[in-house]
Each structure stands twice: as C-alpha cells, then as structure tokens.
Amino acid sequence: VDDVVDAFPVHGACGMWGLLAVGFFGDPEAGGNGVFYSGNQLGTQVFAVFIIILWTSFFCTLVLLPLKLGGLLRLSDSFQDAGADVMEHSPSKAYKDNRHGTEAQ
C-alpha cells in the first residue's frame with residue numbers, strides 16, 4: 001500500500017499504542033486498571049486491538065477489493081508519468097514547473 005501521508009504509523013501504530021498504554025498505565029483513580037497498578041486491564045486492551053484490526057480489515061476489503069478488481073484504484077500509466085499535480089492541479093499557479101516552462105506568479 002502506498003502510504004504517502006503516513007496514515008498507518010500515525011493513526012494505526014500510535015492508536016494501538018494508546019490502547020495498550022491504558023492497559024499498562026491505567027490509574028485506578030482515573031477509572032483504569034493497569035498492569036502497573038496490579039490490574040488486569042491489559043488483556044481487554046489487547047482484545048480491543050485485535051477486534052479493531054479485524055473490523056478495519058473486513059471493511060477495507062469490502063470497499064477496496066471491488067475497486068481493485070474494477071481497476072479503479074490506480075491512476076493510468078500516462079497519468080502517473082505526467083504526475084498527478086500536472087494532471088489534476090494547477091502547478092503553474094503553485095510552483096515552478098520546469099517541464100512546461102511556467103513559473104508561479
């Protein structure tokens with residue numbers, strides 16, 4: 001998967017760490033039951049991570065597999081060769097584009 005905006009490290013990995021951290025550091029005074037406070041919440045948090053991974057995988061497959069099979073997920077080779085910025089946006093208004101000899105104003 002081409003993750004140009006680092007969505008997985010930011011939302012996936014950090015989200016998983018946030019869930020697991022509650023299992024470790026959940027303070028009973030704040031409603032937690034973490035391992036470092038002799039609690040047993042870590043198992044629940046690990047289970048939650050597992051369920052979220054299953055849920056996300058199921059719905060991503062449900063949406064993305066038909067798009068892939070229909071050839072709708074990738075840009076054409078010519079589109080990619082020219083660049084999405086050139087094809088979809090106005091590079092002459094945004095930055096210098098040496099291929100077309102235009103310059104931002």
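Residues numbered from 1 in each chain as written. Predicted model: local features only at pLDDT ≥ 70, side-chain atom pairs only at ≥ 80, totals over all residues. Heavy atoms only, no water.

Enquirer: Requested: an account of the packing of helix H1 (residues 7-25) against helix H2 (residues 42-69), with residues and values cited.
Expert: Interhelical geometry of H1 versus H2 gives an angle of 165° and a closest axis separation of 7 Å. Overall, the two elements H1 and H2 adopt an arrangement that is roughly antiparallel. The interaxial crossing formed by H1 with H2 has right-handed handedness. The segment H1 lies against H2, with Met-16, Leu-19, Leu-20, Val-22, Gly-23 and Phe-24 engaging Leu-42, Gln-45, Val-46, Val-49, Ile-52 and Ile-53. A class-by-class count of the residues in the contact of H1 with H2 yields 10 nonpolar, two polar and no charged. (Axes fitted to C-alpha atoms, helices over the stretch in contact; angles between N-to-C directions. Helix = DSSP H or I, 4+ residues; strand = E, 2+ residues; numbered from the N terminus. Parallel < 35°, antiparallel > 145°, perpendicular 65-115°, else oblique. Left-handed = near helix turned anticlockwise from the far one by under 90°. Contact = heavy atoms within 4.5 Å. Nonpolar A, V, L, I, M, F, W, Y, C, P; charged D, E, K, R; others polar.)

Enquirer: Outline the packing of aromatic side chains, listing residues and values.
Expert: Evaluated as defined, the whole model comprises six aromatic pairs. Taken together, Trp-17, Phe-24, Phe-25 and Phe-36 form an aromatic cluster joined through their ring pairs. (Phe/Tyr/Trp six-rings, centres within 6.5 Å; stacked < 30°, edge-to-face > 60°.)

Enquirer: Please provide a residue-by-residue account of the side chain of Gln-45, values included.
Expert: Turning to its location among the elements, Gln-45 is positioned in helix H2. Once residues within four sequence positions are removed from consideration, Gln-45 is found in contact with Leu-19, Leu-20, Val-22 and Gly-23.

Honestly, it's all geometry; don't read function into it.
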